[in-house]
Protein chains: 2
Amino acid sequence: MGENTQRWNELAAQIAVDSIRATTAAGSGHPTSSMSMAHLLAVLFADHLRFDVKDPHYRGNDRFVLSKGHAAPGLYAVLKAAGAFDDDALMSLRREGSPLQGHPVPIPEMPWVDVATGSLGQGLASGLGMALAMRMDTITARVWVMLGDSEMAEGSVWEAMEATAFHGANNVTAILDLNRLGQRGPTMHGWHADVFRDRALAFGWNAVEVDGHDVDAIDRAYTGAADDERPTFIVAHTQKGHGVSFLEDKEGWHGKAVPADKLDAAVGELGGDRHVRFTPPAPIDIKDATPFTPSDVARPAYDKPVATRKAFGDAVAWLAGTDRDVVVLDGEVGNSTYTEEADAVAPDRFVQMYIAEQCMIGVQTGLQALGKKAFAATFGAFLTRAADQIRMGTVSRADLRLSGSHAGVSIGEDGPSQMAIEDLALFRALAGSTVLYPADGPSAVALTERMATLDGISYLRSTREATPVLYANDDVFPVGGSKTLASSDHDDVTLIGAGITLHECLAARDQLASDGITARVVDCYSVKPIDVATLRTALDETGHLVVVEDHRIEGGLGDAVLGALASTGTLAGTVDKLGVTGVAGSATPEELRAWAGIDAAAIADAARTTLGR
Amino acid sequence: MGENTQRWNELAAQIAVDSIRATTAAGSGHPTSSMSMAHLLAVLFADHLRFDVKDPHYRGNDRFVLSKGHAAPGLYAVLKAAGAFDDDALMSLRREGSPLQGHPVPIPEMPWVDVATGSLGQGLASGLGMALAMRMDTITARVWVMLGDSEMAEGSVWEAMEATAFHGANNVTAILDLNRLGQRGPTMHGWHADVFRDRALAFGWNAVEVDGHDVDAIDRAYTGAADDERPTFIVAHTQKGHGVSFLEDKEGWHGKAVPADKLDAAVGELGGDRHVRFTPPAPIDIKDATPFTPSDVARPAYDKPVATRKAFGDAVAWLAGTDRDVVVLDGEVGNSTYTEEADAVAPDRFVQMYIAEQCMIGVQTGLQALGKKAFAATFGAFLTRAADQIRMGTVSRADLRLSGSHAGVSIGEDGPSQMAIEDLALFRALAGSTVLYPADGPSAVALTERMATLDGISYLRSTREATPVLYANDDVFPVGGSKTLASSDHDDVTLIGAGITLHECLAARDQLASDGITARVVDCYSVKPIDVATLRTALDETGHLVVVEDHRIEGGLGDAVLGALASTGTLAGTVDKLGVTGVAGSATPEELRAWAGIDAAAIADAARTTLGR
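Not measured: the values here are computed from a predicted model.

Caption draft 1: View of the overall build of chain A. Helix and strand counts for chain A stand at 23 helices and 19 strands. For a compact globule of 613 residues, the expected C-alpha radius of gyration is about 25 Å, and chain A comes in at 27 Å, within 12% of that figure. Its C-alpha atoms put chain A at 90 × 55 × 40 Å along the principal axes. Within chain A, contacts between residues at least 6 apart in sequence are counted, and of these 79% link residues at least 24 apart.

Right, here's the structure in full:
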């Protein structure tokens, strides 16, 4: 028994009690998963996690990530004890309007949470992102991540284990709450702590085992973590529902509140309700930022054909040179997405994530939580690997600036595994997202520049091939806007494209002109939000729209156009959607666009058919 | 030098030469990544992989998965030498119509490939699925998986490492082609084979290191793999571009064909073109299947409210009891999706994947490649974790039967991290997919039953809450159909829902009736394909549609309805889309549907507004 033993145990008991009280009041939630980590939280928050509860956004604060987000009641309980909010707030758990949601969410009313968790296996990567942000800012704060044992089956955890060690982020400590029981029964490895210790060691971490209900042992493990040159992985042997006889290590209690008629018995076994308060250790002081010297990279400009992926890379390198908060993440394809150019300009703010897209997005989420403007890029097809992390970004209210290259069947010979053809559907469906799809170099630069100041998730889709320059380098491309490239007061039909298909639309217009058909051409570079007014006017004035996308016919530009039109009231006219409907093979880009029925000839045919000519 | 040394080396040299020849002819591709594994392939195919090249679908064949799919030229080269096809076919690599695509695809003309690869890190899980299928059929064949070193950063590989060891699939051998170089430069661990050996051991595998260009050492490693009680991981130290001085271990040659003017020099260094042919070892004999005794589980029927997730679980258990090829996969939520009922009926065909969704889909892909009708289920939100694996399922032409539970904001208190609200967008956008969304128990059973015989990717979305029974237990629910629950010859508006929102539409109909408004109600249980004719008729007859979904407003039912209508020609009328537009918090299901504007009151309001009443 150390001098702090009783203090920590009292706090731990209160965390357990409050986890039970709050969930019983809510009628749902995860008390037992909170109780297994009560001692781990108590020692951490009372004496190791250095933060100012009154200034949770202070950059010198240590950070805590509850990767096992379902144990939110435990987190809320310790935050209450730290003075973040009162017991009434705690007891509002899971009610409409309460910031104490079922899983932690970083909304303004819950500023002690930096990233949303609840989809398992995502916390460690976010923690690494925060640790890297601290390093970039020469802040020696620490990051602590609490993991559950079920989530150790998620590959995303091992991506983050790998990356944390590779990047030498020894300011990261992971704590594994090894309580043996998952949602539906025992986990794969039960209490075999050695399994996880050995794996952590093999992944380049320091690793220790500890009794997760022995506060003095926990304290020693935490103290030791700060001293190792590697990140430290603490495997804590715990019991789910610890401290209450009818919950402790019992199956059938995952995600269940204690019934009201058993509340007193449960709280009683833990020694009753308490009123423990504590002040967390003070955060470190941070120094003023060193002066920043912008690079001499100029804003990119083009007068010859260029691939939009190249223009994106050029623009990101320029932004990295001009803004010290810009960080660039690569999934080992920086020579394809051209983010390697940012590496040349700002190597200390270029993070190589290798082929680990889930970790890349998790790290990006952590970086932005600490104020970085992080851009991440890979093939659009491979961003789907991180679809869940990106989805969780909406819950985190994260500013994720993403680019997917090699869009559509237009990549050609590499074949369908490398083609992004469902990416617009993925990104359009995200809350508050912005989806951009430039057709040339100048618009790609302007839209990438705009992404640096956009909130939420923004996605720029880029093309592998070089495309002709359509716009002036100082043209403006508002989000939600469009460009009408050809129009008259007697247009017969409107051709709507974006990216590569805009060029096909322009060629189709020439083909149609030879038949005496006059086509308007609209560049919907902003797929979401989309230019509703221009589309409605086009329908009203021409009566016929043909929308063409190098994307699946579902969920992309065509659906966006239809949705926009439907929002304007009574529909009158035709809208033909052209998009990819089969599974491509290998062929040239031209052959594949013809195969998909999205090339100039197919567009012209569709227009003629619609017009009955 | 063993008796086979020269034979193997000759074959390896031919594989290298043919990889170069084919890619140079194509003008693109991955010769150097093929060359690093040439010796590994030569020994494997010539003397260890037991298969009948003339009968590639024979169930007793060993299976090979090229997880590093970009090295397809090497695979094609060894298949040519085995007599699968001739040199003309090899030289058609990457051309339009050639079955020799840039990455391997299991199309009818390429029957030696079982699953598509090319999105890295997916091959091992598919291999495990095949190994489990063999075990279920008491076939003692083996599975060999060739991995690249860059893809070892993918968490999906470690999910599969974990699962392969956990399931004791010692008929799996993984070969790591440790060639040190990724796409843009050195990999994370270079030639440190010990890193991967130690990790494999820590994940429960047998692990050995080998010189990947020493055919005799390779042969010994392969022989040893068959003898261990664990799956075996062979770390092969190799050189990218091995055997050609200007390619060997050189940076800058990833994914690049040798220029035509260097072709002779490259081939010359490898000893010139060859005409090696070989016959692979004969596959094992397989026994007749043992008789199958169906269970006595009856087809589920309901007359009281039931959650569609429960009806799905009931139906899958019934199917597992009646069809020996049905396999059920769980992501450690079988007590939420009710797949645990299938575990009770057919435990030998229930596979617990724990919380590793990517591996779950990969295993499912492998199972179906060997003829299993595999169902996999988890929360719809967490299926997004495997979005890339599901996407690749379209390239594999895989029959993936998927169900996502806990759809929409209607899950309530657990909050947004657990809500599937982008899943319809994800699944609609997949080639050849079927998207089903039943509103009650009988329709959930009928649609689950139908999934068992559907080709391609089928997705059934289910609801957490119990919902009233609307249909008779013997009602028929064709894919592509709908049910009109209320209609007359004087309907003012059509309310279109699916799943939970159908019930809100029915309630809205009652509210509108009290205002003298007559509403038609359509159940779009088949979201894709959708019932175009019924929708068009509804628009023509009522002039006003209100489409309601517990899903993001983009990419789901509303867009499906609009797309269907647009495909029928000239539009005339209004279509109001109601769906989720913000980020939910925790609250009751009723509160959240009201918040999202998708409850009966909101539907009725939308109808009144549209009608101007």
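Caption draft 2: Molecular detail of the relation of the copies chain B and chain A. For the match of chain B to chain A, the screw axis carries a shift of 0.0 Å, the RMSD comes to 0.0 Å, and the turn is 180°. On this basis, the relationship between the two copies can be described by a two-fold rotation axis. The rotation axis passes nearest to the C-alpha of B:Gly155 in chain B, at a distance of 1.8 Å. Taken as a fraction of all interface residues of chain B, those also at the interface in chain A reach 100%, which identifies the copy contact as same-surface.

Caption draft 3: Summary view of the environment of A:Glu422. Assignment of secondary structure puts A:Glu422 in the loop between strand S10 (400-405) and helix H17 (423-428). Under the relative-accessibility criterion, A:Glu422 is labelled buried at 10%.

Caption draft 4: Highlighting the pairing of strand S7 (residues 326-330) of chain B. Residue and element names in this part refer to chain B. Within S7, 5 of the 5 residues are buried, leaving the element largely enclosed by the surrounding structure. Burial of S7 is two-sided: the residues Val326, Val328 and Asp330 facing one way and the residues Val327 and Leu329 facing the other way are all buried. By the bridge criterion, 5 bridges tie S7 to strand S9 (residues 373-379) in an arrangement that is parallel. Paired with leucine 329 across the two strands is alanine 376, which belongs to S9. The pairing of S7 with strand S8 (residues 350-352) spans 3 bridges and is parallel. Looking across to S8, one finds that valine 328 is bridged to phenylalanine 350.

Caption draft 5: Main features of the pairing of strand S15 (residues 493-497) of chain B. All names here are of chain B. Taken across its 5 residues, S15 has 5 buried, putting it largely inside the fold. Both faces of S15 are covered, namely the face carrying Val493, Leu495 and Gly497 and the face carrying Thr494 and Ile496. You can see the chain leave S15, run along helix H19 (residues 500-513) and come back into strand S16 (residues 519-523), and the turn it takes is right-handed. Pairing analysis gives 3 bridges linking S15 to strand S18 (residues 544-552), with the strands arranged parallel.

Caption draft 6: A look at the sheet that holds strand S10 (residues 401-405) of chain B. All names here are of chain B. If you trace the 7 strands from one edge of the open sheet to the other, you get S8-S7-S9-S10-S12-S11-S17, paired in mixed fashion. Across the chains shown, the open sheet's two edge strands, defined by having one partner strand only, are S8 and strand S17 (526-528). Direction aside, neighbouring strands of the sheet carry axes that sit 20° apart on average.

Caption draft 7: Spatial organisation of the sheet that holds strand S2 (residues 143-148) of chain A. Residue and element names in this part refer to chain A. Spatial ordering of the open sheet is given by S1-S2-S3-S5-S4, a layout of 5 strands whose pairing is parallel. Of all the strands in the sheet, the pair left with one neighbour each is strand S1 (63-66) and strand S4 (206-211). Across the sheet, the mean angle separating the axes of adjacent strands is 20° when strand polarity is ignored. Direction of pairing for S2 relative to strand S3 (residues 172-178): parallel, over a ladder of 6 bridges. Residue pairing in the sheet places methionine 146 in a bridge with isoleucine 175 of S3. Those strands touched by helix H8 (residues 193-202) are S3, S4 and strand S5 (232-237), and its axis lies near 160° from that of S4.

Caption draft 8: Structural view of the pattern of salt bridges. If you walk through the whole model with that rule in mind, you get 78 salt bridges over all chains. For A:Asp62, the salt bridge identified is with A:Arg50, shortest N-O distance 2.7 Å. Residue A:Asp62 is found in the loop between helix H3 (38-47) and S1, and its partner A:Arg50 is found in the loop between H3 and S1; the two are separated by 12 residues along the sequence. The partner of B:Glu209 in a salt bridge is B:Arg197, with the nearest N and O atoms 2.6 Å apart. Taken together, the positions of B:Glu209 in strand S4 (residues 206-211) and B:Arg197 in helix H8 (residues 193-202) put the pair 12 residues apart, joining distant regions of the chain. Salt bridges linked by common partners bring A:Asp18, A:Arg21, A:Lys80, A:Asp87 and A:Asp273 together as one network.

Caption draft 9: Quick look at unusual backbone geometry. Residues A:Lys528 and A:Pro529 are joined by a peptide bond in cis, for which omega reads -10°. Within the secondary structure, A:Pro529 is located in the loop between strand S17 (526-528) and helix H20 (532-542). Even without being a glycine, A:Tyr354 presents a positive backbone phi close to 55°. The exposure class assigned to A:Tyr354 is buried, which follows from its relative accessible area of 8%. Of note, the phi angle at B:His406 is positive, near 60°, even though the residue is not glycine.

Caption draft 10: Inspection of the interface of chain B and chain A at higher detail. Contact residues are listed per partner, giving 94 residues for chain B and 94 residues for chain A. Remark: the boundary between chain B and chain A carries 12 salt bridges. Across the pair A:Glu154 and B:Arg385 runs a salt bridge whose closest N-O atoms are separated by 3.6 Å. Taken together, chain B and chain A are joined by 50 residue pairs in polar contact (both at pLDDT 80 or more). Of the residues forming the side of chain B that touches chain A, the biggest block, 7 residues, is contributed by helix H16 (residues 387-395) of chain B. Taken together, the residues of the side of chain B that touches chain A sort by class into 31 nonpolar, 37 polar and 26 charged.

Caption draft 11: Representation of the state of the cysteines within the structure. For the coordinates displayed, the defined rule picks out 0 disulfides over all chains. The closest cysteine sulfur to the non-disulfide-bonded B:Cys359 is located on A:Cys359, 19 Å from its own sulfur.

Caption draft 12: Here's a closer look at the packing of helix H3 (residues 38-47) of chain B against helix H9 (residues 215-225) of chain B. Residues and elements named next belong to chain B. In the contact formed by H3 and H9, the axes pass within 9 Å of each other and the chain directions differ by 55°. Considering the angle they form, H3 stands oblique to H9. Like other packed secondary-structure pairs, H3 and H9 cross with a definite hand, here right-handed. Together, His39, Leu40, Val43 and Leu44 of H3 and Val215, Ile218, Asp219 and Tyr222 of H9 make up the contact between the two elements. Here the residues of the contact of H3 with H9 sort into 6 nonpolar, 1 polar and 1 charged.

Conventions and cut-offs
Residues numbered from 1 in each chain as written. Chains lettered and ligands numbered in written order. Predicted model: local features only at pLDDT ≥ 70, side-chain atom pairs only at ≥ 80, totals over all residues. Heavy atoms only, no water. Helix = DSSP H or I, 4+ residues; strand = E, 2+ residues; numbered from the N terminus. Rg over C-alpha atoms; globule rule 2.2 N^0.38 Å. Contact = heavy atoms within 4.5 Å. Least-squares fit on C-alpha atoms with pLDDT ≥ 70 in both. Buried < 20%, exposed > 50% of the residue type's maximum accessible area, 1.4 Å probe, protein only. Pairing = 2+ DSSP bridges. Right-handed = clockwise from strand over helix to strand, strands pointing away. Axes fitted to C-alpha atoms, helices over the stretch in contact; angles between N-to-C directions. Salt bridge = Lys/Arg side-chain N within 4 Å of Asp/Glu carboxyl O. Polar contact = N/O pair within 3.5 Å; in protein donor to acceptor, adjacent residues only side chain to side chain. Nonpolar A, V, L, I, M, F, W, Y, C, P; charged D, E, K, R; others polar. Disulfide = S-S within 2.5 Å. Parallel < 35°, antiparallel > 145°, perpendicular 65-115°, else oblique. Left-handed = near helix turned anticlockwise from the far one by under 90°.

Function cannot be read off these values alone, since they describe shape.
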